[in-house]
Every structure is written in C-alpha cells, then in structure tokens.
Amino acid sequence: MLVLCLTRRGCRRLSVTLCVCVCRSIMIRCVSLLSTRHPSLFCCHISDFASRMRLLNRLKEDDEACVSALQSGSIFLFHLLRPLVCPTEGGGLTPVRLSWTSLTSVLQRLSSDRSLLNESVLIGLSEQNQNQAQFCLDVGVLDPVAVEAECDGTFVDMRKAFFLLTGSAAPFVAKGQALLRWHQETKFCSSSGRPTQRNRAGSLRVCGSITYYPKMSPVVIVLVSDGKRCLLSRQMSFPPGLYSALAGFCDMGESLEESLRREVAEEVGLEVCRFSFSGSQHWPFPQSSFMIGCHAHVNPAHTEPPPTHSDPLMSQLSVDWSELEDARWFSLEEIDHALQVQHPIRGEPQVMWFPPKHAIAHRLIREWVELQRAQSS
C-alpha cells in the first residue's frame, strides 16, 4: 500500500500538473477531430502547380468528379485525329475551344447522339482559367464539313497544324491527339482479345486484371558538333529545305548513351566522344514519341575533309542514304541565316529552315549557336 504524504505546497503543484495534463489531452483530442473533419486547416501550403497536379490526379481516379469537370470544362475537337483550328492575326493557328453546352447544341443540330460526349478524354487543367478541365473528342463519325461550319474552324492535318500552332497550343494539341490515337489502337486486349474498358477520364483501359496505360516511344535526338560546326540532316519525307538534328528510336534494352552513339554511327558513320543532356519533349510523329534531346561532340580530327578534297564542307561522313536524303556540316553563319527564316513561302526560291520554336530540335540548334557565341567572346 502506497501512502503519499504531501505538504500544502506539494498539493498545489500536483493540482497544477494534473490541470496541465488534462488541458493537453483535451487540446490533442480537439485537434484530432478538427483535422479529420477539416483537413485543409492543418495542411501545409503547397504551390499552385502541386494543387493542380493533385486535382488532375483526382479527376483521373474519380469518375463522378470527372463527369462534373467535363460539364464545366473546355472541349477540343478532332476529326480522324485532325485538330479543329482557326487562324490567328499573326498568321498562325489556334485550337477551337468549345464548352459542354455549346458542343451539346452542335450535336443536336447535327442530329447526333449526345452519348458521343462520353468519348471525351481528359487532357489536363488550364493554368490561366482557374484549373478548368480540358478535354479532347474525336468526332470522326460526323460530317467534317458540317462540324467546321457549326464551330467556325477547319480540321487540319497534324503535320501541317503543328508547325503553325502558336505558343503552348502545339504540345497541348499533340497530347490530345496522342491520347485519342491510343484509345483507338487499344480497344482490344492484346492478351485475351476481348474489348477493353476505359475509365471516365480516359487515362487507362482495363481488361480483367490487366491495365493498359498510354505509352510513348523513346527517341534520341542529337545535335552533333566538332567544336566549330554542327551536323544537320534531312529525310526524304521532310518538306523542301527543312533540316534538323539526327534522331532515331531507342532499341530495346539500350541505355540513352548506347542509343545516341549507335544512331550517330549508323546514320553518318561518326563516333561520339562525349555528350550532354539538354531536355525532353513529347512529339506527335510518327506516333507519339518521347524525344530525348542531347548535344554530342566528335573528334575534329575525324571530321576534316580528305586531303584530296577541296570542299571544306565535305568530311569523313559515311551517310546512310537509305535513312537520310542529305547530311552535312554547317557553319555558325549558315545557321544564323537559317534561323531568320520563319515559314518558307511556296513559289519562292528554296531556302534552308528549321523546325518551329516549340520543337526540341530548334532548341538544340539555338543552344549550339549561343555556345559558339559565348566561346568566341
């Protein structure tokens, strides 16, 4: 039996201690209840970008939330994967934006079933318009001329539209087309042959226990330099005068380094001595590629023209003509001149030009120019 003998002062200290413990217990309980019912009161501040990404993920996982977002969001139309666009004042193109209400009215006037809207696919959330959801929809079952007249736009082939789309519209439209194409090509399970089912956002398709997600094919794109010149090439499918960096698909099991070295060796017969990573980009051609941009350097001794050759632009290139129509070295002056060409005009003398500013090939070329100027200053 434990007997406590406390003085009057000791009793007062014990009372204070008990009061503090009881108050602390009550406060912990209150905080626990509040954090459960109102979690936002106790969350740390996160950036607008993080909030937008969490909302986007919620729309992918919550079908009801996605339906609600569609009814208050923007919808961009495609017809057999051709985006609906309209001209801008600067001579470029911009995608036509439709609301749920306006598109519903268009479908009614065209005597189309409203259920077509269920095929809409979530692209992302607008940064400028309070995280408004953005969807894409392919209306290939409808008459394209009738849709164009109703929506004041034109369906344009992606290869043409991509070069004329302005600002952030190009990667946005490219992503929408890639998602729509993936759904068209993944309607059946590759294992069982049965039809796959999509979620409301269109971010995945399911067949039993098998889940399919949209994929991109990795491609290495590399600007080769010998220190004073850069190497550009063109394929037979390129528009007249267009030159770009070397590019090729990564083989199964390859690392980035192995893919880069192999591609340069295969296409122009040069051995890369070192390289650096620049950036990456989704590219809609030929069918949703993941472009990995790099700068590569080759030994200048291996790029000098043969002693018996008088052309300084010729070098020990061994071009694979089955892959390329042309490949050659260009000086800084030639690159500078070509960068001034925005969009070549039909009928005018052929000039060299580069991919648009939003293409990673253009970025690699400009980075090389900036490096050359920095080294010479």
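Residues numbered from 1 in each chain as written. Predicted model: local features only at pLDDT ≥ 70, side-chain atom pairs only at ≥ 80, totals over all residues. Heavy atoms only, no water.

1. Re the overall build of the protein
Operational definition: The helix and strand labels rest on DSSP assignments: H or I over at least four residues marks a helix, E over at least two residues marks a strand, and numbering proceeds from the N terminus. Here's how the labels work: a residue is buried when its accessible area is under 20% of the maximum for its type, exposed when over 50%, partly exposed in between, all with a 1.4 Å probe on protein chains only. Note on contacts: a residue pair is in contact if any heavy atoms of the two residues lie within 4.5 Å. To be clear on the numbers: accessible area is Shrake-Rupley with a 1.4 Å probe, and residue cover counts the displayed protein chains and nothing else.
Secondary structure summary: the protein contains 10 helices and 16 strands in total. Counting every position in the protein, which comprises 377 residues, the buried fraction comes to 41%. Of all intrachain contacts in the protein linking residues separated by at least 6 positions in sequence, the fraction that spans at least 24 positions is 62%. As presented, the protein carries roughly 22100 Å² of accessible surface, and 55% of it is formed by carbon and sulfur atoms.

2. A few points about the pairing of strand E15 (residues 289-298)
Here is the rule we go by: Two strands are said to pair when DSSP picks up at least two bridges between them.
Among the 10 residues that make up E15, nine are buried, leaving the element largely enclosed by the rest of the structure. Sheet topology places strand E14 (residues 272-283) next to E15; 10 bridges connect them, and they run antiparallel. Looking at the pairing, Val 272 lines up with Val 298 of E15.

3. Observations regarding empty space enclosed by the protein
So the rule is basically this: Cavities and pockets were defined on a 1 Å grid built from protein atoms only: a cavity is a group of points that admits a 1.4 Å probe but offers it no way out, a pocket is an open group of points flanked by protein on both sides within 12 Å along at least five of seven lines, and a lining residue is one with an atom within 4 Å of any such point. Grid points are joined across faces, edges and corners, and a volume is the space filled by probe spheres set on the points. Throughout, the ten residues Ala, Val, Leu, Ile, Met, Phe, Trp, Tyr, Cys and Pro are labelled nonpolar, Asp, Glu, Lys and Arg are labelled charged, and all others, Gly among them, are labelled polar.
As enumerated under the stated definition, the model contains one cavity of 30 Å³ or more in all. By volume, the largest cavity amounts to about 30 Å³. Lining the largest cavity, in full, are Phe 76, Leu 77, Phe 78, Pro 83, Leu 84, Pro 95, Val 96 and Val 173. Every element with two or more residues in the lining of the largest cavity is listed here: strand E1 (74-79) and strand E2 (82-87). Here the lining of the largest cavity is built from residues that sort into eight nonpolar, no polar and no charged.

4. Comments concerning the pattern of salt bridges
Our working rule: A side-chain nitrogen of Lys or Arg and a carboxyl oxygen of Asp or Glu constitute a salt bridge if their distance falls within 4 Å.
Per the stated rule, a full pass over the model turns up 11 salt bridges. Glu 127 is the partner of Arg 52 in a salt bridge, and the nearest nitrogen-oxygen pair spans 3.9 Å. With Arg 52 in helix H2 (residues 48-61) and Glu 127 in the loop between strand E5 (121-125) and strand E6 (133-138), this pair connects stretches of sequence that are 75 residues apart. Look at Glu 127 and you get exposed, because its relative accessible area is 57%. We note a salt bridge from Asp 326 to Arg 328, for which the minimum N-O separation is 3.0 Å. Here Asp 326 falls in the buried class, since its relative accessible area comes to 18%. A single salt-bridge network, built from bridges that share partners, covers Asp 251, Glu 254, Arg 262, Glu 263 and Glu 266.

5. Describing the sheet that holds strand E9 (residues 205-207)
With respect to topology, three strands assemble into an open sheet ordered E8-E9-E10, the strand pairing being antiparallel. Because the sheet does not close on itself, it has two edges, and the strands there are strand E8 (197-198) and strand E10 (210-212). In terms of strand pairing, E9 meets E10 through three bridges, oriented antiparallel. When the sheet's bridge partners are listed, Cys 207 is paired in E10 with Ile 210.

6. Some details on the environment of Leu 246
Mapped onto the secondary structure, Leu 246 falls in strand E13 (residues 246-249). Residues Leu 246 and Val 222 lie 24 residues apart in sequence; the distance between their C-alpha atoms is 5.4 Å.

7. Some remarks on the environment of Gln 281
Using the following cut-off: Any pair of N or O atoms that falls within 3.5 Å is considered a polar contact. Within protein, one atom must be able to donate a hydrogen and the other to accept it, and sequence-neighbouring residues count only if both atoms are side-chain atoms.
Turning to its location among the elements, Gln 281 is positioned in strand E14. A relative accessible area of 14% means that Gln 281 is categorised as buried. Apart from residues no more than four positions distant in its own chain, Gln 281 is found in contact with Ser 289, Phe 290, Met 291, His 358, Ala 359 and Ile 360. A polar side-chain atom of Gln 281 sits 2.4 Å from the main-chain carbonyl oxygen of His 358. One polar contact links the side chain of Gln 281 to the main-chain amide nitrogen of Ile 360, over a distance of 2.8 Å.

8. Observations regarding the pairing of E1
Within E1, six of the six residues are buried, which leaves it mostly tucked inside the rest of the structure. Note that E1 and strand E4 (residues 98-99) share two bridges and pair antiparallel. Considered in E4, the bridge of Ser 74 is made with Ser 99. When E1 meets E2, the two strands line up antiparallel, connected through two bridges.

9. Remarks on the layout of surface pockets
Space inside the largest pocket adds up to approximately 1300 Å³. Lining the largest pocket are 42 residues, and of these Ile 123, Pro 171, Phe 172, Lys 175 and Leu 179 sit closest to its centre. If you tally residues by element for the lining of the largest pocket, the top one is helix H7 (residues 169-185), at nine residues. Taken together, the residues of the lining of the largest pocket break down into 20 nonpolar, 14 polar and eight charged. What the second largest pocket holds in volume is close to 780 Å³. Surrounding the second largest pocket, 30 residues form its lining, Arg 159, Gln 235, Phe 238, Trp 283 and Phe 285 being those nearest its centre.

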